[in-house]
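Structural characterization, general
These are the residues of each chain, in order.
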Number of protein chains: 2
Amino acid sequence: MWLVPENGKIKDGRAPPKTTFSTLNVSPPLEVAFPNSFSPRRRMRFAAFFLDGATRAYRHRATFSKLVLVFAASGGGLVAYADARADAAAESPGVAPKKKVVVLGTGWAGTTFVKNIDSSLYDVQVISPRNYFAFTPLLPSVTCGTVEPRSIVEPIRKIITKKGGEIKFWEAECFKIDPENKKVYCRSNIGTNLEGNGEFLVDYDYLVIAVGARANTFNTPGVVEHCHFLKEVEDAQKIRRSVMDCFERATLPDLDEEERKRTLHFVVVGGGPTGVEFAAELHDFVSEDLAKLYPTIQDLVKITVVEHGEHILTMFDKRISRFAEEKFQRDGIELKTGFKVVKVSDKTITMENALHGESSVPYGMAVWSTGIGTRPFILDFMKQIGQGNRRALATDEWLRVRECEDVYAIGDCATMSQRKVMEDIMEIFRFADKDNSGTLTVKEIQDVLEDICIRYPQVELYLKSKQMSDIVDLVKASKGDVKKEALELNIEEFKNALADVDSQVKNLPATAQVAAQQGNYLARCFSRMKDSEEKPEGPQRITKMGRHRFLPFRYKHFGQFAPLGGEQTAAQLPGDWISIGHSSQWLWYSIYASKQVSWRTRALVISDWTRRFIFGRDSSRI
Amino acid sequence: MWLVPENGKIKDGRAPPKTTFSTLNVSPPLEVAFPNSFSPRRRMRFAAFFLDGATRAYRHRATFSKLVLVFAASGGGLVAYADARADAAAESPGVAPKKKVVVLGTGWAGTTFVKNIDSSLYDVQVISPRNYFAFTPLLPSVTCGTVEPRSIVEPIRKIITKKGGEIKFWEAECFKIDPENKKVYCRSNIGTNLEGNGEFLVDYDYLVIAVGARANTFNTPGVVEHCHFLKEVEDAQKIRRSVMDCFERATLPDLDEEERKRTLHFVVVGGGPTGVEFAAELHDFVSEDLAKLYPTIQDLVKITVVEHGEHILTMFDKRISRFAEEKFQRDGIELKTGFKVVKVSDKTITMENALHGESSVPYGMAVWSTGIGTRPFILDFMKQIGQGNRRALATDEWLRVRECEDVYAIGDCATMSQRKVMEDIMEIFRFADKDNSGTLTVKEIQDVLEDICIRYPQVELYLKSKQMSDIVDLVKASKGDVKKEALELNIEEFKNALADVDSQVKNLPATAQVAAQQGNYLARCFSRMKDSEEKPEGPQRITKMGRHRFLPFRYKHFGQFAPLGGEQTAAQLPGDWISIGHSSQWLWYSIYASKQVSWRTRALVISDWTRRFIFGRDSSRI
């Protein structure tokens, strides 16, 4: 197969087990050297921000698609499964069918992958319980009706149809993966009158897991029962109804003041971007719209943000964090930093604080937004493949699930684990030491530097953080002031020089930006499989001869926004450029509008914003 | 009180029972004669089409509002109830509070009433489980996403706030009316953690029942469990999701052709305007949008309309009915007229036909739209007041519930029963026979004709249907050709002449138009109470001296539309003007846009239509 596991053993292209027809055997990749005229930076640029690359999808249908007949069998279902195989054998004797790529999930990662894969080369099947893609960064806006739910969703079938490809979609949930037999078990949740239990089987040649994550409750008692989450469109709709319920309840005639106050106490657990944006949205909704409609109770409304850490928005620059805290204080949003929620009941939230111990607060509605956890069936799958001790599905830098052939994982369900320099230090030394002298000269180091920087991006990051332009500076710093040309390093000295480099290895954040870039990257790899066989794009292998077929995935951060309400947004852009206020709110509007997945959603989101400006938000409980 | 029961007994203005403060006693209306310079037709014109009259609401705050202090007590809740009374007595000693008007429901009737009542004269309290008004004629469009649900709803609090009045709203459901003690029992359905059972009591001086109707299943087994209704916004949303479910299900890999066909068989029970419009919308949705997205199953879709009668749209002109049937045939929508649904199971609908007997049809989704039934608590109330043998709450021509003081019923929950001429024929004769001669001359008849025509509109309708200009023609027709001046009638001859007049008495249709006109009429009556005391507007009383305080309610039909899909609409306008095709579709667009309840909904509905033209309908399952 074309994507070789990191352990260096080249595995054969494996035909789907138990198939009766001949498969198109893509021969194992030869380790071909090719002139590396592009800098790693330039070659990485295809991993575009969000879905920008969608329309520029690389399509290389020519060579491959001519070889195979269209293989239209569904490939799933216990009955359909057997049939399809018989049919395929009958219809196309001697002609290999296209390889089956099964994609689980229609979130940022899955959808971007589907949008960008060359569907003429594969039999692509998408399975997800949601038949649409949702622009999740606008979910907090949906909770208060600033934007309507339908304005941020696009049917996955529309995306597929636009491609003109043969991609199939099934609205079902995967509940088990069988990597041995290359099958996924799916269940349809639609209706109660599906024959049997609504389960069916789909077999794959390649599996792309992009199922996202679920909310992480840290096993806090009562959270699942009493708190809202904010991960899906349905969650946002529920929150909106729940906010209205609280207001309607608080006006009812048989409540005392205490009870009214409790009902109108909105608690947000988690001071990350989602929680903070929701709190800001809610404050705007109350002050701009609801205060007029519920004049008798407007003074009883209270919003509290509970954060375990010392500050909110800690993933942002300190200036943004401070600005947000000050703005919330002015707005009357209470910040309880340093508090950890330990229990939630139907009417009270219990928190713990190092100084004050445990305390209970009555509340009317709570939104839990403290981070992400792994879905149960992914945990099962991890146990199966020996990742039981991990917290998320681990992939290598090519987004391949470790210890599992032909399975890829992208987006929030996966963690890409970067290979450490120190793990491979001996091999790196040997790789660089072309003359086997036991020492490295400056020239030897410079010869392999680019490949090393591509394979271990932490080296480049470390140099940057130390404001060094070259690894030679690093070596010099560790060896003292010697002349550059005379510099020679033995293995111990080399180890010393690179000792701290791995401190730069960081997990990627669980954001739409990362997921979309991963989907885009993987789709490009799939689409260029044939080309890259002849012309590998990746760096030289350290442990083996030849080159990696593809560049490893590398995330490019394009900045992040934190809307803080009242038409004020904080923006942290690359190069530590910070912008706070109305201007960045308009930047936010324009970027979020431009990043919409279709012209339809773009038009709708813009018209929603306009509608909000003119008429305010709707408070009907539907 | 100002509204005098039809039996002629004048009742005193009654203070709320058990009140401790003095009430403002509006003295019983004196039966003042006033020059009747307006024709009944001109005076009836205020009952405007839909909500047109809203902005022209008559407001006469001057005299009455100066007399009373603002009485801000809530008037509800077991605890709050007692408190309020004590407070009121303490705060405003010797000053009567405003009379409490409790409105149940926020549909067409209730909302129009609230919009138009002079809220400075009354302490108005609105109770409804829906905190919004919905423009129900567009519900069929919501089922398929032509229009979004939020575009047709307006929060009732916004309507109240716009009035600037002191109207209170409580999101709760009335479940019992106690007319003896003038109280309504309410229950809030919001959340599970409301203290106790969420019930509270509200007392009233006047009660306006405008709770609408529920779907009528005619006790057909399985309908409630397996069919969708189309009365509320939530129903339309459920139908939309259900349609998408059927399409997603039908594409799943483990179904056989038979099962796919079953899943894609959409059955509409009831060939009235709602059912027909839904079938047409669904057909458009499938052919214009879904066919592209589900190409493999588009040929399996089938829509069937089942109608008990011989034709669909029987309330329309025959030409419209025929056109609709032909168009449906062309569109491939199956019409099963003359079929009665007798049973619904999860997968089959059983029908009965005079010719073919019983047959079962497999189906995927069914919408039940066969007419309206009475809500259970209204049935209970009817038993309480001796209307147990009726099918809907009976009111007189002034919309007062019969046999129940100070209770009014408007909209779909009520039937206005028109007093028959034959019931009062003796009194009418006596009333006309001013000289007590035992016979009526032409002049005597003509003197009272206007009052009779107002009190018994069927007389005018009958004359019109016989193309007669005057009651004298009628009398002449029954007496043979005698000279007009010489014509004299005894009681038997008078009876004969009017014998067939009551055949023109018809129940009003259960439409938004009727409900809105009733709400508007009743609001005007309430607002003009003081003025009409001095200047009664109604006709001369037949059985008693003096005049009725108000003109009886009279419905003015402004026409009706039947959208048939494919940008074609049938319109039946007053004067039997029929228009079918694209032009009436545009008439439909413009009238429905202009009738929207607010500028917000107007803008949204128009932008929804535009969006549909440009981008089509959304098929995301949210």
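Residues numbered from 1 in each chain as written. Chains lettered and ligands numbered in written order. Predicted model: local features only at pLDDT ≥ 70, side-chain atom pairs only at ≥ 80, totals over all residues. Heavy atoms only, no water.

1. Some details on the interface of chain B and chain A
We apply this condition: Contact criterion: two residues are considered in contact whenever any of their non-hydrogen atoms come within 4.5 Å of each other. The term buried area means the drop in 1.4 Å probe accessible area that two parts suffer when joined, counted for both and summed. Should a side-chain nitrogen of Lys or Arg be within 4 Å of a carboxyl oxygen of Asp or Glu, the pair is scored as a salt bridge. Whenever a nitrogen or oxygen atom comes within 3.5 Å of another N or O atom, the pair is scored as a polar contact, on the condition that within protein one atom can donate a hydrogen and the other can accept it, and that pairs from neighbouring residues in sequence are kept only if both atoms are in side chains. For the purposes of this entry, the term helix denotes a DSSP run of H or I that reaches at least four residues, the term strand denotes a run of E that reaches at least two, and both are numbered from the N terminus. Side-chain classes follow a simple rule in which Ala, Val, Leu, Ile, Met, Phe, Trp, Tyr, Cys and Pro form the nonpolar group, Asp, Glu, Lys and Arg form the charged group, and the remainder, Gly included, forms the polar group.
If you look at the interface, chain B gives 56 residues, while chain A gives 56 residues. Taking both sides of the interface into account, the surface hidden between chain B and chain A amounts to around 5,200 Å²; carbon and sulfur atoms contribute 57%. Inspection of the region where chain B meets chain A yields 8 salt bridges. Measuring nitrogen to oxygen at the nearest pair gives 2.9 Å for the salt bridge that ties D618 of chain A to R150 of chain B. Summed over the shared surface of chain B and chain A, the result is 22 residue pairs in polar contact (both at pLDDT 80 or more). Elements with a contribution of two residues or more to the side of chain B that touches chain A: β4 (153–155), α6 (156–163), β5 (168–171), β8 (199–203), α8 (233–251), α9 (257–263), α10 (273–293) and α21 (599–615) of chain B. Looking at the side of chain B that touches chain A element by element, the count peaks at 8 residues for α8 of chain B. Across the side of chain B that touches chain A, the residue classes tally to 22 nonpolar, 10 polar and 24 charged.

2. Digging into helix α4 (residues 108–116) of chain A
Residue and element names in this part refer to chain A. The following threshold applies: Burial status follows relative accessibility: with a 1.4 Å probe on protein chains alone, a residue under 20% of its type maximum counts as buried, one over 50% as exposed, and anything between as partly exposed.
Taking burial as the measure, the 9 residues of α4 include 9 buried ones, the bulk of the element. Looking at α4, one finds that the buried residues are W108, A109, G110, T111, T112, F113, V114, K115 and N116. Buried residues in α4 make contact with β1 (99–104), β2 (122–128), β3 (132–134), α6 (156–163), β9 (206–209) and α18 (512–527).

3. Remarks on the relation of the copies chain B and chain A
Two copies of one chain are present, and they are related through a rotation about an axis combined with an axial shift. Inclusion rule: Overlaid copies result from least-squares superposition on C-alpha atoms, with residues included only where pLDDT is at least 70 in both.
Of the two same-sequence chains, chain B is brought onto chain A (RMSD 0.0 Å, axial shift 0.0 Å) by a rotation of 180°. Expressed as an axis order, the relation between the two copies is that of a two-fold axis. For chain B, the minimum C-alpha distance to the rotation axis belongs to S607 of chain B and amounts to 4.3 Å. A share of 100% of the interface residues of chain B reappears at the interface of chain A, consistent with the copies meeting face to face through the same patch.

4. Some details on the packing of helix α21 (residues 599–615) of chain A against α21 of chain B
In a pair of packed helices, the angle between the axes and the distance between the axes together describe the arrangement. So the rule is basically this: Working convention: axes come from line fits to C-alpha atoms, limited for helices to the stretch in contact. Angles between N-to-C directions cover 0 to 180 degrees. Angle categories: roughly parallel below 35 degrees, roughly antiparallel above 145, roughly perpendicular from 65 to 115, and oblique for all the rest.
Relative orientation of the contacting elements α21 of chain A and α21 of chain B amounts to 170°, with a least axis distance of 12 Å. Taken together, the axis directions place α21 of chain A and α21 of chain B in an arrangement best described as roughly antiparallel. Contacts between α21 of chain A and α21 of chain B pair W599, R600, A603, L604, R611 and F615 of chain A from the former with W599, R600, A603, L604, R611 and F615 of chain B from the latter. For the contact of α21 of chain A with α21 of chain B, the class distribution of residues is 8 nonpolar, no polar and 4 charged.

5. Comments concerning helix α10 (residues 273–293) of chain A
Residues that lie three or four places apart on an α-helix share one face, since the helix turns once every 3.6 residues. Residue and element names in this part refer to chain A. Put simply, the rule is: A helix is expected to span 1.5 Å multiplied by its residue count minus one. To obtain the bend at a residue, axes are fitted to the seven residues ending there and to the seven starting there, and the angle between these axes is taken.
In this model, α10 (21 residues) spans 29 Å end to end at C-alpha, consistent with the 30 Å of a helix rising 1.5 Å per residue. Maximum bend of α10: about 40°, positioned at V286. Counted residue by residue, α10 has 16 buried out of 21 residues, so it is predominantly covered.

6. As for the packing of aromatic side chains
Quick note on the threshold: Working definition: a ring pair exists when centres of Phe, Tyr or Trp rings (six-membered ring for Trp) sit within 6.5 Å. Plane angles under 30 degrees give stacked, over 60 give edge-to-face, the rest tilted.
All told, the structure shown has 44 aromatic pairs over all chains when counted by the stated rule. On the basis of an interplanar angle of 65° and a centroid distance of 6.1 Å, the ring pair of F175 of chain B and Y185 of chain B is categorised as edge-to-face. Residue F175 of chain B is located in strand β6 (residues 173–178), and its partner Y185 of chain B is located in strand β7 (residues 183–187); the two are separated by 10 residues in the primary sequence. With a relative accessible area of 25%, Y185 of chain B lands in the partly exposed category. Summarising the aromatic geometry, the rings of F247 of chain B and F266 of chain B are spaced 6.0 Å apart at their centres and angled 20° between planes, so their arrangement reads as stacked. Of the two residues, F247 of chain B is situated in helix α8 and F266 of chain B in strand β11 (residues 265–269); the sequence distance between them amounts to 19 residues. Using a relative accessible area of 1% as the deciding quantity, one classes F266 of chain B as buried. A connected cluster of aromatic rings, assembled from ring pairs, spans W108, F133, F135, F561, W586, W588, Y589, Y592, W609 and F613 of chain A.

7. Considerations on the pairing of strand β14 (residues 339–344) of chain A
Residues and elements named next belong to chain A. Formally: Between any two strands, at least two bridges found by DSSP are needed for them to pair.
Where β14 lies against strand β15 (residues 348–353), 5 bridges are found, and the strand directions are antiparallel. Bridge pairing links K343 to T350 in β15. Counted along the chain from β14 to the antiparallel partner β15, the turn is 3 residues long.

8. Considerations on the side chain of R150 of chain A
With respect to the helices, strands and loops of the structure, R150 of chain A is situated in the loop between α5 (139–143) and β4 (153–155). In contact with R150 of chain A, other than residues within four places in its own chain, are R600 and L604 of chain A together with E148, R240, D618, S620 and I622 of chain B.

9. A look at the UniProt feature "domain: EF-hand" (unreviewed entry) in chain A
Note the threshold: UniProt positions are given in the numbering used here, feature names are shortened, and annotations may be inferred rather than shown by experiment.
Those residues carrying the UniProt feature "domain: EF-hand" (unreviewed entry) are residues 420–455 of chain A in this numbering. Annotated as residues 420–455 of chain A, this span is 61% helix and 6% strand, and its ends, taken at the C-alpha atoms, are 10 Å apart.

10. Concerning the sheet that holds strand β5 (residues 168–171) of chain A
Residues and elements named next belong to chain A. Overall, parallel pairing links the 5 strands, which are arranged β5-β2-β1-β9-β20 in an open sheet. Looking at the sheet topology across the chains shown, the edges are occupied by β5 and β20 (407–409). Averaged over neighbouring strand pairs, the angle between their axes works out to 15° when direction is ignored. By the bridge criterion, 6 bridges tie β1 to β2 in an arrangement that is parallel. Within β2, the residue paired with K99 across the bridge is Y122.

11. Considering the sheet that holds β7 of chain B
Whenever strands of a sheet pair, they do so through backbone hydrogen bonds, lying parallel or antiparallel. All names here are of chain B. Taking strand neighbours across the sheet as the criterion, the 3 strands line up as β6-β7-β8 in an open arrangement whose pairing is antiparallel. The strands lining the two open edges of the sheet, one partner per strand, are β6 and β8. Neighbouring strand axes in the sheet, compared pairwise and without regard to direction, differ in orientation by 25° on average. Sheet topology places β6 next to β7; 5 bridges connect them, and they run antiparallel. Bridged to C174 within β7 is C186.

12. Points about the packing of helix α8 (residues 233–251) of chain A against α10 of chain A
Residue and element names in this part refer to chain A. Test applied: Helix crossings are classified by the rotation of the near helix relative to the far one: an anticlockwise turn of less than a right angle makes the crossing left-handed, while a clockwise turn makes it right-handed.
Contact pair α8 / α10: the axes reach a minimum separation of 13 Å and the direction vectors enclose 45°. In terms of their interaxial angle, α8 and α10 are classed as oblique. Crossing hand, α8 versus α10: right-handed. Residues I239, V243, M244 and F247 of α8 form the contact with α10, whose own contacting residues are F278, L282, F285, V286 and L290.

13. Quick word on the environment of K98 of chain A
Residues and elements named next belong to chain A. Examined against the element boundaries, K98 turns out to sit in the loop between α3 (78–91) and β1. Residue class for K98 comes out buried when judged on its relative accessible area of 8%. Polar contacts involving the side chain of K98 include one to the main-chain carbonyl oxygen of S120, which spans 3.3 Å.

14. Some details on the confidence of the model for chain A
Applied cut-off: Residue-level confidence of the predictor is summarised by pLDDT, bounded by 0 at the bottom and 100 at the top.
Residues of chain A with pLDDT of at least 70 account for 82%, and the chain-wide mean is 82. With pLDDT under 50 throughout, residues 1–92 of chain A is counted as low confidence; its partners more than four residues away or in other chains account for 211 contacts.

15. A word on unusual backbone geometry
Residues and elements named next belong to chain A. The phi dihedral of E403 falls on the positive side, at around 60°, and the residue is not glycine. Although it is not a glycine, D406 adopts a positive phi angle of roughly 60°. Counting through the fold element by element, D406 comes out in the loop between β19 (393–395) and β20.

16. What about a nonpolar patch on the surface?
What counts, and what does not: Residues forming no salt bridge and having over 30% relative accessible area are the ones grouped into patches, like charges within 9 Å of each other and nonpolar side chains (Val, Leu, Ile, Met, Phe, Trp, Tyr) within 5 Å. Residue exposure ignores everything except the shown protein chains as possible cover, and the areas themselves are Shrake-Rupley values with a 1.4 Å probe.
Residues W586, F613 and I614 of chain A make up a contiguous nonpolar surface patch of roughly 370 Å² in combined accessible area. Here I614 of chain A is to be found in helix α21.

17. Observations concerning the pattern of salt bridges
Enumeration according to the criterion identifies 68 salt bridges over all chains in this entry. Here R611 of chain B and E148 of chain B are joined by a salt bridge, their closest N and O atoms 3.6 Å apart. One end of the pair, R611 of chain B, is in helix α21; the other, E148 of chain B, is in the loop between α5 (139–143) and β4, with 463 residues separating them in the sequence. Residue class for E148 of chain B comes out buried when judged on its relative accessible area of 16%. In this structure, K182 of chain B and D406 of chain B form a salt bridge, with 2.4 Å as the shortest nitrogen-oxygen distance. Here D406 of chain B lies in the loop between β19 (393–395) and β20 (407–409) and K182 of chain B lies in the loop between β6 and β7, a separation of 224 residues in the sequence. The same class applies to K182 of chain B and to D406 of chain B, which are both buried. What emerges from the salt-bridge pattern is a single network uniting E148, R240, D608, R611 and D618 of chain A together with R150, E154, K162 and R600 of chain B.

18. Observations regarding the environment of Q585 of chain A
Residue and element names in this part refer to chain A. Residue position: Q585 is located in helix α20 (residues 582–594). Placed 14 residues apart in sequence, Q585 and A571 show a C-alpha to C-alpha distance of 8.5 Å. The contacts of Q585, once residues within four sequence positions are left out, are E567, Q568 and T569.

19. Quick notes on the pairing of strand β11 (residues 265–269) of chain A
Residue and element names in this part refer to chain A. As a reminder, the rule being used: By convention, a crossover is right-handed whenever its connection, traced from the first strand over the helix to the second and viewed with the strands pointing away, goes clockwise.
Of all 5 residues in β11, 5 are buried, a share of seventy percent or more. Going residue by residue along β11, you find H265, V267 and V269 tucked away on one face and F266 and V268 tucked away on the opposite face as well. The pairing of β11 with strand β12 (residues 302–307) spans 5 bridges and is classified as parallel. For F266, the partnering residue across the bridge sits in β12 and is I303. A crossover connection joins β11 to the parallel β12 through α10; in handedness this β-α-β unit is right-handed. For β11 and strand β17 (residues 365–368), the ladder comprises 4 bridges, and the chain directions are parallel. Across the sheet, the residue bridging to V269 is W368, located in β17.

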